[in-house]
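So the chains spell out like this:
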Amino acid sequence: MRVVDKAFAYVTDGPRLLVFRHRDFPDAGLQVPAGTVQPGETPVDAVLREVREEAGLEAFLGARALGVVEFDARTIGKTELHRRQFFHLPIAGKPADSWRHYERHATESESAEALAFDFYWLPFVEAQALLCGDHGCLIDTLKSCPDRS
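Residues numbered from 1 in each chain as written. Predicted model: local features only at pLDDT ≥ 70, side-chain atom pairs only at ≥ 80, totals over all residues. Heavy atoms only, no water.

**So, the pairing of strand β7 (residues 115–123)**
Reasoning step 1: Two elements, strand β2 (residues 16–22) and β7, share seven bridges in a ladder whose sense is antiparallel. Residue Arg 21 lies in a different strand from β7, and its bridge partner there is Asp 118.
Reasoning step 2: With six bridges connecting them, strand β6 (residues 98–103) and β7 associate as antiparallel partners. From the neighbouring strand, Glu 103 faces β7, where its bridge partner is Leu 115. (Pairing = 2+ DSSP bridges. Helix = DSSP H or I, 4+ residues; strand = E, 2+ residues; numbered from the N terminus.)

Here it is as C-alpha cells:
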C-alpha cells in the first residue's frame with residue numbers, strides 16, 4: 001500500500017479547537033485543517049501552508065509537533081496508508097468566532113469554483129467527539145501543551 005505523508009493542524013484559541021465543514025460537501029464531516037506534504041516540503045511547512053490555504057490564517061504563537069499516527073485510508077475509499085503528523089498551532093490575536101473561507105489550489109484553473117469552508121471553534125471535548133476520520137485522535141495531548149493560551 002502506498003504511504004502518503006499528511007500534516008494536520010490543531011489550531012487553538014485557549015480551550016477551543018478550530019474545526020470546519022465543507023459547505024458544498026456536508027457528508028465530508030467535521031474536520032481540522034490538513035493536507036498532503038508536498039515533495040521537498042517539511043511537515044511543519046505543509047501544516048502552515050494548509051492552514052493558510054484552507055482557513056486564511058497566518059499568525060500563530062509557534063508550531064509544536066504532537067505526534068505521528070498511521071491511518072488506513074481504505075476506510076475512506078483510498079488504497080493508501082496516511083502517515084499523519086499532527087501539530088499544535090496556538091493562534092495569535094483574537095480570531096472571529098466563525099467565518100467562511102474559499103480555497104483555490106494553484107493547480108486549478110481560474111474558472112474552477114473555489115471550495116467553501118465554514119470555520120468555527122469548539123471546546124476540545126466536543127470537537128474530539130464530533131470530528132470525522134480520526135481527526136481528533138491526539139486532542140488529549142493538547143491538555144499538556146504549556147503554550148496553550
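Okay, back to it.
**Considerations on the layout of surface pockets**
Reasoning step 1: Considered as a void within the structure, the largest pocket measures approximately 550 Å³ in volume.
Reasoning step 2: Every residue lining the largest pocket is counted, 24 residues in all, and those nearest its centre are Lys 6, Gln 31, Ala 34, Lys 78 and His 135.
Reasoning step 3: When contributions to the lining of the largest pocket are tallied by element, the ones reaching two or more residues are β1 (2–13), β2, β3 (34–36), α1 (43–55), β5 (80–90) and β7.
Reasoning step 4: When residues in the lining of the largest pocket are grouped by element, the largest group, three residues, is from β3.
Reasoning step 5: When its residues are assigned to classes, the lining of the largest pocket shows nine nonpolar, nine polar and six charged. (1 Å grid on protein atoms, 1.4 Å probe; cavity = no way out; pocket = protein on both sides within 12 Å on 5 of 7 lines; lining within 4 Å. Points joined across faces, edges and corners; volume = space filled by probe spheres on them. Nonpolar A, V, L, I, M, F, W, Y, C, P; charged D, E, K, R; others polar.)

**Some details on the pattern of salt bridges**
A side chain of one charge can pair with a side chain of the opposite charge if their charged atoms are brought near each other.
Reasoning step 1: Counted under the stated rule, the structure contains 11 salt bridges.
Reasoning step 2: Residue Arg 23 pairs with Asp 24 through a salt bridge whose shortest N-O separation is 2.8 Å.
Reasoning step 3: The salt bridge involving Arg 49 is made with Glu 50; its shortest N-O contact spans 2.9 Å. Across the pair, exposure class does not vary: Arg 49 and Glu 50 are buried alike. (Salt bridge = Lys/Arg side-chain N within 4 Å of Asp/Glu carboxyl O. Buried < 20%, exposed > 50% of the residue type's maximum accessible area, 1.4 Å probe, protein only.)

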